[in-house]
Amino acid sequence: MTDNFDYDVLVIGSGPGGYVAAIRAAQLGLKTACAESRETLGGTCLNVGCIPSKALLHASEIYEEAHSGALEKFGVKLTGAKLDLKQMMAEKTKAVGELTGGIEFLFKKNKVDWLKGHGSFESANTVKVGDKTVTAKNIIIATGSSVTPLPGVDIDNSKHIVVDSTGALELPKVPKHMVVIGGGVIGLELGSVWRRLGAEVTVVEFLDKILPGMDGDVRKDSARIFKKQGFKIQASTKVTGCTVKGKKATLTVEPAKGGDASTIEADAVLVAIGRKPNTDGLALDKAGITANDRGQIEVGHDFQTNVPGVYAIGDVTPGPMLAHKAEDEGVAAAEFIAGQQGIVNHDLIPGVVYTHPEIANIGKTEEEVKESGIDYKVGKFPFAGNSRAKTNRDTDGYVKIIADAKTDRVLGAHIISSLAGTMIAQVVQAMEFGATSEDIAYTCHAHPTHSEAIKEAAMGVQGKPIHI
Ligand code: FAD
Ligand code: NAI
């Protein structure tokens, strides 16, 4: 297909959107290159996002279990469990290295050329990568996102005091008091890591509840669980400034709706108020593309921008900033370029917060269903009634299923459970197939498993759960 171009497809950015798009394009017989300005492949997700955060969540969970005496009730007596933070960080770095190296291997295997350097458009078919100029018949922008700064709070990861998520993944010691600005996904995941390792953690959230966008019950009940674990949550509060003196930071905070200012002292401050699309330095204007007022690149159903032959996927486009959304869009964009029909169902992108318990969701929240005016029913089943969770002493949380009252079609599911991230896949698939709550209720689930709570919640939609 190359005609007079160097490549059929040039992907800018090698995160989960970009590297997956490049591999799929190559699999479909297209001559493909991927430009990446970072030293290693894999983007935010593999280098400073999903993977290192999950490595630390796993390690810190084991540490807390071993250290807190929580295992004694199971007859496991551990004395003198100690934290070796350097080793914990080294294991995280090793996992990241293995996975980013894995992408390099996959690029070689699929004959994707890795072009090292920052990419910027010269025209709709020409991109400068470092000091090389490359032409491509199709270009996929997959440049991802970066941390949203907070005016008045200067991030300096090198000093390990006021940090963003990248800095919070490599603190050299456990802070005595960490203040997390933003009660969203990053704040709760990385706040959990440092709380488990011994920090006192205060979450300062602008809105009246943590985890905006999630189901109202989940927002309320997860806050209760986090507080029980020791998190301090200061909702309806805005941070107006931060000064650093020596090794301490002092934050100035005010009630979100106005009122008297007060201060909070911290040894570490994590700024986690969201992320913004990466379009700076891309010279989008030279390709004829304009970002929208949120800095995102708008695309059509085929992921093409307003300029034919230029596509965009992942965090740089509208929608949830999630690795699996970026990956699925990468596959679909490559398939459209190859003349196939790419498919992403944007109504069914699951979300998972990897705290303990995990929080997972799919489809609509109860508030969204109510707002849409649809007549609906809710089935809710607590893990306190699930035999496996009870046996494991793991009963925090529930499954909540929302179904259309007339058609019984499942509209949304919300799970708080240690295994929520794995369990939600079942409901996602059921919803993809247009399942009713009755379809789920009459599906045989293995016993004893946490997944039986999904079946019971579905039975609950018809008012007939067995175990409560
Ligand atoms: P990115 O992964 O951001 O990759 C874009 C790449 O493009 C980067 O490597 C960048 O260097 C490169 N680039 C940018 N501009 C240029 C240019 N001009 N030229 C060349 N290269 C360029 N999501 C989940 O689904 N699950 C999780 O558990 C999860 N955990 C997270 C934890 C943290 C701490 C963070 C910060 C994010 C997390 N995310 C998670 C979000 C996830 O990382 C992103 O949604 C995902 O990485 C987006 O993929 P992407 O391909 O769009 O962009
Ligand atoms: P977020 O959007 O999840 O949460 C930001 C929080 O900060 C919100 O609760 C918001 O109300 C609050 N906030 C905004 N401005 C504030 C202010 N001035 N003061 C106090 N609070 C303020 O963003 P977060 O946590 O930074 O994560 C960024 C993105 O990364 C998310 O979109 C998420 O999808 C992705 N991510 C996904 C993960 C996962 O899937 N497990 C893990 C980590 C990140």
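Relevant structure appears above.
Everything numeric here is computed off the predicted structure, so don't read it as measured data. (Residues numbered from 1 in each chain as written. Chains lettered and ligands numbered in written order. Predicted model: local features only at pLDDT ≥ 70, side-chain atom pairs only at ≥ 80, totals over all residues. Heavy atoms only, no water.)

(A) Region of interest: helix α6 (residues 185-196). Counted at 1.5 Å a residue, the expected span for α6 with its 12 residues is 16 Å, and the 17 Å between its end C-alpha atoms agrees. Counting buried residues along α6, 10 of its 12 residues qualify, which places the element largely inside the surrounding structure. Along α6, the positions that sit buried rather than exposed are Gly187, Leu188, Glu189, Leu190, Gly191, Ser192, Val193, Trp194, Arg195 and Arg196. Just downstream of α6 lies Gly198, where phi reads positive at about 125 degrees. (Helix = DSSP H or I, 4+ residues; strand = E, 2+ residues; numbered from the N terminus. Expected span 1.5 Å × (residues − 1). Buried < 20%, exposed > 50% of the residue type's maximum accessible area, 1.4 Å probe, protein only.)

(B) Representation of the nonpolar core in the model. Counting residues in each nonpolar core, the largest one holds 37 residues, and the members touching the most others are Met178 and Trp194. Residues in contact with Trp194, not counting those within four places in the same chain, are Leu85, Met89, Ala168, Leu171, Lys173, Val174, Pro175, Met178, Ala199 and Val201. Membership of the second largest hydrophobic core comes to 31 residues, among which are Tyr19, Cys34, Leu41 and Ala323. (Core = buried A, V, L, I, M, F, W, Y, C linked by side-chain atoms within 4.5 Å. Contact = heavy atoms within 4.5 Å.)

(C) Focus on the site of ligand 1. Of all residues adjacent to ligand 1, which total 38 residues, the nearest are Glu36, Thr44, Lys54, Gly119 and Ala323. The contact in question runs from an oxygen atom of ligand 1 to an N or O atom on the backbone of Gly17, over 2.9 Å. At a separation of 3.2 Å, an oxygen atom of ligand 1 approaches a polar backbone atom of Met321. Considering ligand 1 on its own, with 990 Å² of exposed area, one finds that the protein chains cover 93% of that surface. At the level of secondary structure, the elements contributing two or more residues to the shell around ligand 1 comprise α1 (16-27), β2 (32-36), α2 (43-48), α3 (50-68) and α9 (323-337). For the shell around ligand 1, the leading source of residues is α2, giving four residues. In terms of residue class, the shell around ligand 1 is built from 14 nonpolar, 19 polar and five charged. (Near = heavy atom within 4 Å. Polar contact = N/O pair within 3.5 Å; in protein donor to acceptor, adjacent residues only side chain to side chain. Areas by Shrake-Rupley, 256 points an atom, 1.4 Å probe, with all protein chains shown as cover. Nonpolar A, V, L, I, M, F, W, Y, C, P; charged D, E, K, R; others polar.)

(D) Examining the layout of surface pockets more closely. The calculated volume of the second largest pocket comes to roughly 630 Å³. Lining the second largest pocket are 21 residues, and of these Glu65, Ala70, His356, Arg393 and Asp394 sit closest to its centre. Elements with a minimum of two residues in the lining of the second largest pocket: α3, α6 and α7 (216-229). The element that contributes the greatest number of residues to the lining of the second largest pocket is α3, accounting for four residues. In the lining of the second largest pocket, the residues fall into five nonpolar, six polar and 10 charged. (1 Å grid on protein atoms, 1.4 Å probe; cavity = no way out; pocket = protein on both sides within 12 Å on 5 of 7 lines; lining within 4 Å. Points joined across faces, edges and corners; volume = space filled by probe spheres on them.)

(E) Structural detail: the environment of Ile313. Inspection of the secondary structure puts Ile313 in the loop between β17 (310-312) and α9. Measuring from C-alpha to C-alpha, the distance between Ile313 and Ala333 comes to 7.7 Å, with 20 residues separating the pair along the chain. Beyond its immediate sequence surroundings of up to four residues, Ile313 is in contact with Gly17, Gly18, Ala21, Ile140, Ile141, Ala142, Phe303, Ala326, Glu329, Gly330 and Ala333.

So, to be careful, I would describe these as geometric facts and stop short of saying anything about function.
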